[in-house]
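Listed below, chain by chain, are the residues.
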Amino acid sequence: DDEQKEGEGEDTPDCLVIKLTRKEKSLLRMPWWNALILKMFGKNIGYLALMRKLQAKWSLKGTLTLTDLGQSYYVARFSSLEDVDYVLTEGPWMIEDHYLTIRRWKPNFLPDSDKIQHLTAWVPIPNLPVEYFNKAFLTKIGRKIGMVNKIDKNTESAQRGQFTWLSVELDRSKQLLLNSGLTAKFIQFNMKV
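Calculation rules
- Every chain is numbered independently, its residues counted from 1 as its sequence is written.
- Where totals are concerned, whole chains, interfaces and linings use all residues; where local detail is concerned, this predicted model gives features only for residues with pLDDT of at least 70, and gives and counts side-chain atom pairs only at 80 or more.
- Hydrogens and water are ignored here; the side-chain numbers use all heavy atoms of the structure.
- A run of H or I in DSSP becomes a helix once it reaches four residues, and a run of E becomes a strand once it reaches two; helices and strands are each numbered from the N terminus.
- Note on classification: 1.4 Å probe, protein chains only; a residue is buried when its accessible area is under 20% of the maximum for its type, exposed when over 50%, partly exposed between these limits.
- Working definition: a ring pair exists when centres of Phe, Tyr or Trp rings (six-membered ring for Trp) sit within 6.5 Å. Plane angles under 30 degrees give stacked, over 60 give edge-to-face, the rest tilted.

Draft legend 1. Broad picture of unusual backbone geometry. In this structure, Ser59 takes a positive phi of about 45° despite not being glycine. Position of Ser59 relative to the elements: it lies in the loop between helix H2 (47-58) and strand S2 (64-70). A positive phi angle, close to 60°, is found at Asn108, a residue other than glycine. Structurally, Asn108 can be placed in the loop between strand S5 (98-104) and strand S6 (118-126). The exposed category is assigned to Asn108, whose relative accessible area is 65%.

Laid out in C-alpha cells, this is it:
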C-alpha cells in the first residue's frame with residue numbers, strides 16, 4: 001500500500017518479500033490498538049512474577065494478557081478500555097522500587113531499535129493561585145511541559161492548593177523548566193535504558 005519505486009518489493013534469492021494491503025495491515029493491527037508497551041528500569045523480572053505483581057497492583061476490572069517481547073519489554077493487552085485508561089493515567093508505576101515505563105503500543109515496534117524517548121511522570125506546579133485551578137487552564141499549562149494524561153483530582157476540585165499535580169508525558173531529550181516564584185529548577189531525566 002506504500003508507494004514503491006519500480007523493481008522494489010520483488011523477491012530476491014536472499015530475501016522474500018511479502019506485500020500487505022492497508023486492509024490486511026489494519027486487520028493484523030486491530031487487536032493491538034489498545035495495548036500498552038511496558039519496560040521496567042533497573043531490574044529484570046520474570047514473566048510470571050511480573051504478571052502477578054501487575055495484577056495485584058492494578059486490580060483490573062477485566063483480564064490482562066502479557067506478551068514478552070524480550071529485552072525486558074512486554075506488551076499488555078486488556079479486555080477493558082477502562083483498565084487501559086486506568087493504567088495510563090494513574091501512574092507512574094513502581095514494581096519493587098523500580099520504575100515501569102508505560103506507553104501506547106505502536107505498529108512495527110521492535111525492542112532492538114527502541115529508544116525510550118517519553119516517560120510519564122507526575123509534575124508538581126507549586127504556588128499556583130487557586131483561581132487557576134481550572135481544567136482547561138491546567139491543561140494549557142501541562143501542554144507547555146508535554147502531553148497531559150491527567151490532572152490530579154484534588155487539584156482539579158481545588159481541595160488542595162499547595163502543589164498542582166499534572167500527569168504528563170515528558171520528552172527525555174528535553175530539559176523541563178518548572179518556575180517556582182523567582183526560582184527556576186531544571187530537571188533532566190537521566191534514566192538508563
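From this point, the discussion proceeds with the structure in view.
Draft legend 2. Representation of the side chain of Thr139. Among the structural elements, Thr139 can be located in helix H4 (residues 135-145). On the basis of relative accessible area, Thr139 is assigned to the buried category, the value being 16%.

Draft legend 3. Broad picture of the packing of aromatic side chains. For the coordinates displayed, the defined rule picks out seven aromatic pairs. Judged by centre distance (6.0 Å) and plane angle (70°), the ring pair of Trp58 and Trp93 falls under edge-to-face. One end of the pair, Trp58, is in helix H2; the other, Trp93, is in strand S4 (residues 93-95), and 35 residues separate them in sequence. In this structure, Trp58 and Trp93 share a single accessibility class: buried. Among the aromatic residues, those joined into a cluster by ring pairs are Trp58, Phe78, Tyr86 and Trp93.

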